[in-house]
Amino acid sequence: MMLVRGYQRFISPLFPPTCRYSPTCSAYTLKALQKHGAIKGTLMGAARILRCNPFVHGGYDPVPDHFSLKRNKKAEMAYLKEMKLK
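Residues numbered from 1 in each chain as written. Predicted model: local features only at pLDDT ≥ 70, side-chain atom pairs only at ≥ 80, totals over all residues. Heavy atoms only, no water.

Turning to the environment of His57, a few remarks are in order. Note on placement: His57 falls in the loop between helix H2 (25-51) and strand S2 (59-60). The class of His57 is exposed, set by a relative accessible area of 65%. Considered as a pair, His57 and Arg20 are 37 residues apart in the sequence and their alpha carbons are 7.0 Å apart. Each residue touching His57, except ones within four places of it in the same chain, is listed here: Arg20, Arg71 and Glu76. (Helix = DSSP H or I, 4+ residues; strand = E, 2+ residues; numbered from the N terminus. Buried < 20%, exposed > 50% of the residue type's maximum accessible area, 1.4 Å probe, protein only. Contact = heavy atoms within 4.5 Å.)

This is how it looks when you write it as structure tokens:
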């Protein structure tokens, strides 16, 4: 967690914001580490970073309650439905 927080504090401010996802990859990794522990959280954070590339549309992708290396599509669909109702 210290490495991610160090990145957020010292390295990330040096570059313009370009994250395709919400929450950002570093915030996602921190939450995954808190929710799923060091090994699973690190794997989930690494998978998220690998998914973050110019060929994806990005969007809302919160940390799932159960361990998964895939995108949290259920949460994204629920979020999109909620936004349409407003």
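After that view, the rundown keeps rolling.
Secondary-structure assignment places Thr29 in helix H2. Within the local environment of Thr29, its side chain forms a polar contact with the backbone oxygen of Cys25, the two atoms lying 2.8 Å apart. Filtering out sequence-adjacent residues up to four positions away, Thr29 remains in contact with Val4 and Gly45. (Polar contact = N/O pair within 3.5 Å; in protein donor to acceptor, adjacent residues only side chain to side chain.)

Right, let's get into a nonpolar patch on the surface. A contiguous nonpolar patch, built from Tyr7, Phe10, Ile11, Leu14 and Phe15 and spanning about 580 Å² of accessible area, is present on the exposed surface. By the element assignment, Leu14 lies in the loop between helix H1 (2-11) and strand S1 (21-22). (Patch = residues over 30% accessible without salt bridge, like charges linked within 9 Å, V, L, I, M, F, W, Y side chains within 5 Å. Areas by Shrake-Rupley, 256 points an atom, 1.4 Å probe, with all protein chains shown as cover. Salt bridge = Lys/Arg side-chain N within 4 Å of Asp/Glu carboxyl O.)

For the rest of this paragraph, the subject is the state of the cysteines. Scanning all chains against the criterion turns up 0 disulfides. The thiol of Cys19 is unpaired, and the distance to the nearest cysteine sulfur, on Cys25, comes to 4.1 Å. Given the relative accessible area of 36%, Cys19 is considered partly exposed. (Disulfide = S-S within 2.5 Å.)

All right, on to unusual backbone geometry then. Of note, the amide linkage connecting Ser22 to Pro23 takes the cis form, showing an omega dihedral of 0 degrees. Tracing the chain through its elements places Pro23 in the loop between S1 and H2.

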